[in-house]
Amino acid sequence: MSKRKSLEENFTQAVQEKRIPDGFIKVTDNPVKGLTSEQKVILNRKANTMFNNGNIEDARRIYITTGYSDGLTRVGDYYMNKNESLKALKAYYLAHNHRDTEPIYENIAKVISSLLQN
């Protein structure tokens, strides 16, 4: 079975068991105004170090603050690998990463459709 298929099945099962992850609230879509380019670089480097050391949540907060889409995409990828699709969707959405949000939207639509058929 493909990894993607396995992730979709795990997500479907989680939704059907009503185990929706906490924190699926859009915090912000725009980086904080007033940060200089140099400040963003310093913060993003710090967040990258945090991310690499496993401190994903603090790194995510900094990426949101600076609007660093590559960092948010990496956070989304991390959550997808942990089978936490809604957290991944939030990170991808804030990164404006349509390529990775679309499959999750499609899976959500399939789950809703199957629930409506029952």
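Nothing here was measured: the structure is a model prediction, and the numbers come from that model. (Residues numbered from 1 in each chain as written. Predicted model: local features only at pLDDT ≥ 70, side-chain atom pairs only at ≥ 80, totals over all residues. Heavy atoms only, no water.)

Asks: Explain unusual backbone geometry here, please?
Replies: Most peptide bonds take the trans form, and the phi angle of most residues other than glycine is negative. Positive phi values are uncommon outside glycine, yet Asn83 reaches one of about 60 degrees. Looking at the secondary structure, you find Asn83 in the loop between α4 (69–81) and α5 (85–94). (Helix = DSSP H or I, 4+ residues; strand = E, 2+ residues; numbered from the N terminus.)

Asks: Sorry if this is basic, but what is going on with the nonpolar core here?
Replies: Side chains that are nonpolar tend, in soluble globular proteins, to be buried together. The biggest cluster of nonpolar side chains holds 20 residues, and the ones touching the most others in it are Phe51, Ala59, Tyr63, Leu72, Val75, Ala88 and Ile104. Sorting the residues of this core by element identifies α2 (37–52), α3 (56–66), α4 and α5 as the ones contributing at least two each. Counting residues per element, this core draws most heavily on α5, at six residues. Once residues lying within four places of it in the same chain are set aside, the contact partners of Phe51 are Ile56, Ala59, Tyr63, Arg74, Val75 and Tyr78. (Core = buried A, V, L, I, M, F, W, Y, C linked by side-chain atoms within 4.5 Å. Buried < 20%, exposed > 50% of the residue type's maximum accessible area, 1.4 Å probe, protein only. Contact = heavy atoms within 4.5 Å.)

Asks: Honestly, the pattern of salt bridges in this entry has me stumped. Any pointers?
Replies: Any two side chains of opposite charge can pair if their charged atoms end up close together. All chains considered together, the criterion is met by four salt bridges. Between Arg60 and Glu57 there is a salt bridge, with the nearest N and O atoms lying 2.9 Å from each other. Taken together, the residues Arg60 and Glu57, both in helix α3 and three residues apart, mark about one turn of the helix. A residue is classified by how much of its surface remains accessible, and Arg60, at 14% relative accessible area, is buried. Overall, Glu57 belongs to the partly exposed group, its relative accessible area being 29%. Across the pair Asp100 and Arg99 runs a salt bridge whose closest N-O atoms are separated by 3.0 Å. What makes Arg99 exposed here is its relative accessible area of 64%. (Salt bridge = Lys/Arg side-chain N within 4 Å of Asp/Glu carboxyl O.)

Asks: Is there a simple way to think about the environment of Ser85 in this case?
Replies: One can find Ser85 in helix α5. Note: C-alpha distance between Ser85 and Ile108 (23 residues apart in sequence) is 9.7 Å.

Asks: Help me out: how do you make sense of α4 in this one?
Replies: Count 3.6 residues to each turn of an α-helix, and residues three or four apart come out pointing the same way. Given a rise of 1.5 Å per residue, 13 residues ought to cover 18 Å, and the 18 Å separating the end C-alpha atoms of α4 matches this to within 8%. Along α4, the residues classified as buried are Gly71, Leu72, Thr73, Val75, Gly76, Tyr79 and Met80. Directly after α4, the chain includes Asn83, whose backbone phi takes a positive value near 60 degrees. (Expected span 1.5 Å × (residues − 1).)

Asks: Help me out: how do you make sense of the packing of α2 against α4 in this one?
Replies: Closest axis-to-axis distance for the α2/α4 pair is 11 Å, and the angle between their directions is 15 degrees. Between α2 and α4, the interaxial angle falls into the category roughly parallel. Judged by the sense of rotation from one axis to the other, the crossing of α2 with α4 is left-handed. Contacts between α2 and α4 involve Asn48, Phe51 and Asn52 from the first element and Arg74, Val75 and Tyr78 from the second. Of the residues contributing to the contact of α2 with α4, the split by class is three nonpolar, two polar and one charged. (Axes fitted to C-alpha atoms, helices over the stretch in contact; angles between N-to-C directions. Parallel < 35°, antiparallel > 145°, perpendicular 65-115°, else oblique. Left-handed = near helix turned anticlockwise from the far one by under 90°. Nonpolar A, V, L, I, M, F, W, Y, C, P; charged D, E, K, R; others polar.)

Asks: Would you take a moment to explain the environment of Val32 for this structure?
Replies: For Val32, the location among the structural elements is in the loop between α1 (3–16) and α2. Exposure remark for Val32: the relative accessible area of 45% places this residue in the partly exposed category. Put simply, Val32 and Ile64 are 32 residues apart on the chain and 8.4 Å apart in space, counted from C-alpha to C-alpha.

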